[in-house]
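Observations on chain architecture
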Amino acid sequence: MRFSENASLQTRNTFAITAKARFLADVYDESQLAALLNTVTAKRLKVLILGGGSNMLLSQDFDGLVICPQLFGVHCISENDNQVIVEAAAGENWHQFVQYCLTQGWYGLENLSLIAGSVGAAPVQNIGAYGVELKDNFVSLRAIHRQTATVREFSLAECQFGYRDSVFKGRLKDQYIITAVRFRLSKIAKVSVQYGDIRQELTSKGIDSPTPQQVAQAVIAIRQRKLPNPEQIGNAGSFFKNPVISQTQFENLKQQYPNIVAYPQQQDVKLAAGWLIEQAGWKGQSLGQAGVYEKQALVLVNRGSATGQEVMALAKTIQQSVYDKFGVRLEVEVNLI
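Because the structure is a prediction, the values reported are computed rather than measured.

The rules behind the values
- Residues numbered from 1 in each chain as written.
- Predicted model: local features only at pLDDT ≥ 70, side-chain atom pairs only at ≥ 80, totals over all residues.
- Heavy atoms only, no water.
- Pairing = 2+ DSSP bridges.
- Helix = DSSP H or I, 4+ residues; strand = E, 2+ residues; numbered from the N terminus.
- Axes fitted to C-alpha atoms, helices over the stretch in contact; angles between N-to-C directions.
- Contact = heavy atoms within 4.5 Å.
- Buried < 20%, exposed > 50% of the residue type's maximum accessible area, 1.4 Å probe, protein only.
- Polar contact = N/O pair within 3.5 Å; in protein donor to acceptor, adjacent residues only side chain to side chain.

Strands sit in the order S6-S7-S12-S10-S11 across an open sheet of 5 strands; the sheet is antiparallel. Each of the sheet's edge strands pairs with one partner strand only, and the pair in question is strand S6 (74-79) and strand S11 (151-155). Each adjacent strand pair in this sheet contributes to an overall mean axis angle of 20 degrees, direction not counted. Note: S6 against strand S7 (residues 83-89), 5 bridges, orientation antiparallel. Within S7, the residue paired with Val-74 across the bridge is Ala-88. Of the strands in this sheet, S6, S7 and strand S12 (176-186) touch helix H2 (residues 94-103), which is tilted by about 25 degrees from S12.

See the structure below:
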């Protein structure tokens, strides 16, 4: 275990926000984590779990203990001719894990390529992209209870996955630390290319019958064009969720805005938050050092020395602007600390 005081968090969050932690601990196995939690419980410190730091916004210094689980390893648990169950430790980089699975001939996660963050953070908000969500291949996860330091397994049903949601963002928020996640992946090369962007990318390359690897490369190319590299400009990816509205509200909006971008659901309609923000005039705009990315209005960026408060102020202004224009409320996707 590596322990430090008054530790900078600037390089540990992809927004590159300057903030400090009163205490910071890097832990390298579950036994260290359990022992540390018992100590924290005794001292009654506030605790923040920090993985890849890719889906969060630090609004201030953290007056407590930041725990960074450095848990690594990918293992095949079981397999047959058609599928494999693989377990990845929480500290594994998500994108690297997806690419490793592809090299092994394990398919199902390729549409989730190049999503920033760690494996352990992925189930918390049921990450998804281009028609695929984490829950589609999820088997179970292992987590440690923060107060008792006991280990528990969570099944698919127990995680209560929804759109960018899980029980760990709701009823069990801040109660568990995920240490490992299991997935059921196919050995049969099936692909999901129903999203137009992927089909267009593949067609542009003359690919009619894509392999999972080619789908992954298409997704990577699309994301690299649309989204800023956190190593070059601070950001947390999509800052807002795509709002879901009723069919009635959608029909009313479509009469006013015939070109509105939407994705029909079973009963409701999901709107493209980026389109709403762009139509409200925010694409490429800034408030102070916080801005809206020029190529994708769904992404807020740190233009150099933005504070968390500046980013939050920009987000609130955008939310109000979109509501005033469309009567639709945008919900923040990133975790505000």
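Our focus in this paragraph is the side chain of Asp-26. Its place among the elements puts Asp-26 in strand S2 (residues 20-27). Given the relative accessible area of 0%, Asp-26 is considered buried. Separated by 3.1 Å, the side chains of Asp-26 and Arg-12 make a polar contact. A distance of 2.9 Å separates the side chain of Asp-26 from the side chain of Gln-70, its partner in a polar contact.

Structural measurements only, silent on function.
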